[in-house]
Amino acid sequence: MLGLPLALLLLLAPLPPPARAAPPASRPRPRGLAAAPPEPGRPGATGMGALGGAAGAAPGGTATGPPTGTGTALPRTTVPSSPHTTAGPPKGTTASLPKGTGVAPPRSTAATPPKGTTASPPKGTGATPPKGTTAAPPKGATGGAPGSAAPSSRGPSERGRPKEGGPGTKAPAPRKKLVRVKVVKKKVVKKKPKAPAEDAAPPQQPQCPPLGLESLRVQDSQLRSSSDKRYGLGAHRGRLNIQSGLYDGDFFDGGWCAGHEDTEQWLEVDARRLTNFTGVITQGLNSIWTYDWVTSYKVQVSNDTRTWQPCLNGTEEAVFPGNKDPETPVLNLLPSPVVARYLRINPQTWFQNGTICLRAEVLGCPLPDPNNVYSWHSQPLPTDKLDFRHHNYKEMRKLMKRVNDECPDITRIYSIGKSYLGLKMYVMEISDNPGQHEVGEPEFRYVAGMHGNEVLGRELLLNLMEYLCREFRLGNPRVVQLVTETRIHLLPSMNPDGYETAYKLGSELSGWATGRWTYEGIDLNHNFADLNTALWDAEDNDLVPHEFPNHYIPIPEYYTFANATVAPETRAVIDWMQRYPFVLSANLHGGELVVTYPFDMTRTYWKAQELTPTADDGVFRWLATVYATSNLAMASEERRLCHYDDFIRFGNIINGANWHTVPGSMNDFSYLHTNCFEITVELSCDKFPHASELPAEWENNRESLLLYMEQVHRGIKGVVRDRDTEQGIANAIISVDGINHDVRTAFDGDYWRLLNPGEYEVTARAEGYEAATRPCRVSYENVPTQCSFHLSRAQRQRLRGRLPGGSLLHPDLVLRLRSQRLRRLRAHRRAP
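If you're wondering where the values come from, they're calculated on a predicted model, not measured in any experiment.

1. Let's talk about helix α8 (residues 496-505)
Okay, so step 1: For α8, the full list of buried residues reads Pro496, Asp497, Gly498, Tyr499, Glu500 and Ala502.
Okay, so step 2: Taken together, the buried residues of α8 touch α5 (393-406), α6 (456-474) and α10 (568-579).

2. Digging into the sheet that holds strand β24 (residues 772-778)
Okay, so step 1: Taken in spatial order, the four strands make up an open sheet running β21-β20-β23-β24, and their pairing is antiparallel. Each end of this open sheet is capped by a strand with a single partner; those strands are β21 (739-744) and β24. The mean inter-strand angle of the sheet, taken between neighbouring strand axes irrespective of direction, is 30 degrees.
Okay, so step 2: In this sheet, β21 lies alongside strand β20 (residues 733-736) in antiparallel orientation, the contact comprising three bridges.

3. Side note on the pairing of strand β3 (residues 267-283)
Okay, so step 1: With 15 of its 17 residues buried, β3 lies for the most part within the structure.
Okay, so step 2: Pairing of strand β1 (residues 223-225) with β3 involves three bridges; the strand directions are antiparallel. By the bridge assignment, Arg224 is partnered in β3 with Glu268.
Okay, so step 3: With 11 bridges connecting them, β3 and strand β9 (residues 330-350) associate as antiparallel partners. Looking at β9, one finds that Asp270 is bridged to Tyr342.
Okay, so step 4: For β3 and strand β10 (residues 357-366), the ladder comprises eight bridges, and the chain directions are antiparallel. Each residue of the ladder has a partner; that of Val280, found in β10, is Val362.

4. Some details on the side chain of His589
Okay, so step 1: Position of His589 relative to the elements: it lies in strand β15 (residues 582-589).
Okay, so step 2: You can call His589 buried: its relative accessible area is 3%.
Okay, so step 3: For His589, the side chain forms a polar contact with the side chain of Glu454, separated by 3.2 Å.
Okay, so step 4: Those residues in contact with His589, other than ones at most four positions away along the chain, are Met450, His451, Glu454, Asn525, Thr680, Val681, Glu682 and Leu683.

5. Side note on the state of the cysteines
Okay, so step 1: Counting across every chain of the model gives five disulfides.
Okay, so step 2: Shown here is the disulfide that connects Cys257 with Cys357, its sulfur atoms set 1.8 Å apart. Classification of the bridge connecting Cys257 and Cys357 rests on its S-S torsion, roughly 115 degrees, and on that basis the disulfide is right-handed. Taken together, the positions of Cys257 in strand β2 (residues 256-257) and Cys357 in strand β10 put the pair 100 residues apart, joining distant regions of the chain.
Okay, so step 3: Taking relative accessible area as the criterion, Cys257 reaches 2% and is therefore assigned buried.

6. Considering the pattern of salt bridges
Okay, so step 1: According to the stated counting rule, one finds 31 salt bridges in the structure shown.
Okay, so step 2: Residues Arg359 and Glu327 are paired through a salt bridge, measuring 3.3 Å at the closest nitrogen-oxygen approach. Of this pair, Arg359 sits in strand β10 while Glu327 is found in the loop between β8 (320-321) and β9, placing the two residues 32 residues apart along the sequence.
Okay, so step 3: The salt bridge partner of Arg487 is Glu429, with a shortest N-O separation of 2.8 Å. Of this pair, Arg487 sits in strand β14 (residues 487-491) while Glu429 sits in strand β12 (residues 424-430), and the two are 58 residues apart along the sequence.

7. What about the nonpolar core?
Okay, so step 1: Ranked by internal contacts, the top residues of the largest apolar core, which has 98 residues, are Tyr446, Met494 and Trp576.
Okay, so step 2: With nine residues, α6 is the single largest residue contributor to this core.
Okay, so step 3: Once residues lying within four places of it in the same chain are set aside, the contact partners of Trp576 are Tyr414, Ile416, Val427, Arg445, Val447, His489, Leu491 and Phe582.
Okay, so step 4: Among the nonpolar cores identified, the runner-up in size contains 28 residues, and Val294, Tyr297, Ala318 and Leu358 belong to it.

8. Points about helix α15 (residues 694-710)
Okay, so step 1: Here α15 is 17 residues long and its end C-alpha atoms lie 24 Å apart, about the 24 Å a rise of 1.5 Å per residue gives.
Okay, so step 2: Residue Asn701 marks the point of greatest curvature in α15, where the axis turns by about 40 degrees.
Okay, so step 3: For α15, the buried fraction is high: 13 of the 17 residues fall into the buried class.

9. Some thoughts on the environment of Glu500
Okay, so step 1: In this fold, Glu500 is placed in helix α8.
Okay, so step 2: Distance from Glu500 to Gly452, taken between C-alpha atoms, is 7.6 Å for residues 48 residues apart in sequence.
Okay, so step 3: Every residue in contact with Glu500, bar those within four places of it in the chain, is listed here: Asn392, Tyr393, Leu423 and Arg458.

10. Considering the packing of aromatic side chains
Between two aromatic rings, the relevant description is the distance of the centres plus the angle of the planes.
Okay, so step 1: Scanning the model with the defined rule gives 21 aromatic pairs in all.
Okay, so step 2: Ring centres of Trp576 and Phe582 lie 5.1 Å apart, and the angle between their planes is 75 degrees; this geometry places the pair in the edge-to-face category. One exposure class covers both Trp576 and Phe582, and it is buried.
Okay, so step 3: Geometrically, the ring pair formed by Tyr580 and Phe582 is tilted, given 5.8 Å between the ring centres and 35 degrees between the ring planes. In this structure, Tyr580 and Phe582 share a single accessibility class: buried.
Okay, so step 4: One aromatic cluster is present, built from ring pairs that chain together Trp536, Phe599, Phe620, Tyr671 and Phe677.

Basis of the calculations
Positions within a chain are numbered from 1, following the residues in the order the chain's sequence is written. With the structure being a predicted model, the display of local features is reserved for residues of pLDDT at least 70 and the display and counting of side-chain atom pairs for 80 or more, all residues being used for whole-chain, interface and lining totals. To get the side-chain values, take all heavy atoms of the structure and skip hydrogens and water. When accessible area is computed with a 1.4 Å probe and restricted to protein chains, residues below 20% of their type maximum are described as buried, those above 50% as exposed, and intermediate ones as partly exposed. Counting from the N terminus, the helices are DSSP H or I runs at least four residues long and the strands are E runs at least two residues long. Whether two residues are in contact is decided by their heavy atoms, any of which lying within 4.5 Å being enough. At least two bridges found by DSSP between two strands is the condition for calling them paired. Only C-alpha atoms enter the line fits that serve as axes; for helices the fit covers just the stretch in contact. Angles between N-to-C directions range over 0 to 180 degrees. As used in this structure description, the phrase polar contact means that two N or O atoms lie within 3.5 Å; if the pair is within protein, one of them must be able to donate a hydrogen and the other to accept it, and residues adjacent in sequence are counted only when both atoms belong to side chains. Disulfides are defined as cysteine sulfur pairs within 2.5 Å. One side-chain nitrogen of Lys or Arg within 4 Å of one carboxyl oxygen of Asp or Glu is enough to make a salt bridge. We define the nonpolar core as a collection of buried residues of types Ala, Val, Leu, Ile, Met, Phe, Trp, Tyr and Cys that are connected through side-chain atoms lying within 4.5 Å of one another. Expected span of a helix, by definition, is 1.5 Å for each gap between consecutive residues, and there is one gap fewer than residues. Bend at a given residue is defined as the angle between two axes, one fitted to the seven residues that end at that position and one fitted to the seven that begin there. Classification of ring pairs rests on two measures: the distance between centres of Phe, Tyr or Trp rings, Trp counted by its six-membered ring, which must be within 6.5 Å, and the angle between planes, read as stacked under 30 degrees, edge-to-face over 60 and tilted in between.

Okay, structure coming up:
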């Protein structure tokens with residue numbers, strides 16, 4: 001029991017707020033009285049009351065932190081010094097928590113509670129006190145000195161402190177508090193699901209972008225290694241998602257492999273400037289012959305490549321977990337960001353049946369150079385104020401709606417169908433008369449997102465919508481002419497289910513194939529009907545074009561069955577092709593820097609690569625060249641190979657089948673089943689570039705996108721009409737002498753035929769009409785040549801008693817025609 005001087009001193013000293021009466025049992029317990037262990041790292045969450053800060057006070061009166069190993073640092077608080085101040089709490093107060101709770105003071109400060117007070121939990125029981133007691137302060141409370149700001153709810157020391165009647169008075173302890181403990185437990189359970197989500201979200205979303213090993217912004221000269229097996233497995237191949245060649249041991253293998261198997265091997269990245277490194281992403285070796293990956297590694301940084309500092313996790317060198325398979329990317333964020341110029345990845349363990357091989361990407365934020373008064377030279381930022389970020393399904397819809405609201409007179413949004421999961425496949429139409437087909441105005445389409453993880457085309461088309469809308473409103477003459485003379489259709493996401501799968505993982509963690517296929521596991525670029533085989537068989541038997549058509553080849557019957565393996569996305573696109581008379585199209589992909597043109601399927605079925613040109617090979621080569629030469633990334637003299645194919649020597653264009661065979665491709669189907677000429681554009685080495693790279697990619701492709709759309713006006717166009725009625729003739733066949741591929745007129749008789757400059761003999765024929773032929777000359781200017789036809793009704797139709805449109809002739813005229821025919825037959829028989 002305290003002596004008289006101390007009691008007098010306590011009466012004279014400033015007292016904390018008086019303890020409030022216990023609330024009734026039916027009243028819910030205050031929010032801060034949860035009987036749970038304090039959150040680690042929160043200042044003041046010590047489990048001690050308003051006077052608890054003096055429990056571990058130093059002789060000078062300053063409260064010290066918990067002993068080493070407790071995991072929670074107590075804030076430094078100051079209490080009034082007095083010669084009579086003791087280390088333990090006064091009688092009647094709540095005792096401090098025992099060792100093991102993470103917040104206990106030194107052992108010497110523990111006090112034994114007197115009879116009638118609340119006892120502390122036994123050693124090793126954690127932070128859960130006995131039933132009816134409390135051990136944790138309110139959330140956010142601090143162990144400050146008397147007179148400091150108190151929390152809104154009472155702490156443990158307030159509940160256990162004696163009333164103002166005197167230091168020896170016992171505090172009442174009603175048993176009804178048991179009900180309040182149960183209420184607190186319910187509130188704690190409600191908060192538990194929210195806390196992990198908030199704490200776990202930041203590590204999964206690194207703020208700093210990748211340096212650019214995958215996107216080739218990091219050059220080969222910036223990569224070094226301690227050793228390598230051979231040149232094809234050198235440091236320059238240690239890039240995330242790089243693909244190997246078909247042959248083992250060539251110059252283009254799928255990663256970096258060390259020449260020795262020990263823990264002294266390393267892969268070094270030179271950022272060329274001070275960089276705030278935040279994380280590392282690794283993969284194993286890409287190979288069809290071996291399985292190699294690193295299972296753990298260390299990270300060191302340096303500013304001069306001589307002195308290397310390890311990445312520490314506390315006081316020890318951090319060892320990061322590596323991969324468990326060759327292809328799945330694994331992200332490891334550094335315990336704390338490190339500023340340096342060089343970074344090394346030092347493998348420690350690897351797959352037991354393999355060797356040291358990896359592919360990597362490094363995350364980091366470039367810092368300004370203090371030794372350079374001039375700004376660091378970087379890629380020019382686009383002047384177009386567009387929405388440069390990745391858009392999921394909901395955000396894509398919002399952007400398209402915003403563009404439609406800004407330009408309602410030239411835009412229209414419509415859906416061509418739904419994906420397997422029910423996501424609509426939206427199309428943006430841009431024209432001076434949206435929703436209407438105008439005679440003589442060609443129709444153009446861009447398709448992106450056929451493979452869900454190849455996302456650059458999707459973002460480029462969304463940016464293209466914004467650009468055309470805003471430039472049209474500003475009166476840009478080029479855009480105004482393009483919009484008024486062309487009906488443009490933009491499909492940004494052909495595979496929305498696959499995109500959502502890749503989007504959830506992010507740009508660097510989706511890997512090379514995640515999201516490529518539909519939800520059903522179908523590759524849409526192999527899912528269209530194979531019309532090539534039927535055409536080539538007919539050509540081998542000399543049946544084309546008299547008995548078998550060289551265009552508008554019908555879809556095989558087996559493909560239309562309900563149980564056929566045809567994705568709903570594919571059926572929707574086929575219906576779209578049949579509804580609109582498209583003339584020109586481009587299919588936007590990713591993973592390479594090249595433009596391919598039909599045919600995509602080899603004519604020799606057992607060959608993986610074979611040059612297989614179409615009848616319009618010259619036109620296709622021109623179209624591919626237009627896009628490739630105007631693309632800044634493809635035309636750059638400093639570009640390197642993305643993976644292993646050297647397309648630079650071919651002008652960054654190649655026949656699709658000569659690259660690799662693709663049976664059932666959309667390009668071949670579009671060419672053989674409709675009038676539309678379509679190419680494939682591989683936009684970037686990185687299938688899923690980081691959002692920070694989207695502005696530069698827009699600059700690389702803006703001119704290409706516009707210039708390629710303008711090629712829809714190259715060649716000839718016209719209208720095939722009935723000479724008598726002046727009405728357009730639908731499905732009339734337009735043939736060009738010397739080219740074994742025809743096109744057909746639209747429902748109102750207009751047509752477009754893409755041709756290179758030159759002079760051609762063009763023939764128009766239709767059922768029930770006499771064929772007509774005329775010369776047409778295509779100039780070098782990007783202006784279509786008018787080449788229209790007036791067809792006369794065939795004599796055979798007259799004798800059948802029907803007009804070409806199908807209407808019956810007058811009965812008297814039919815009798816006269818029949819009598820004339822009979823007279824001619826009799827005269828022919830009488831002739832010798």
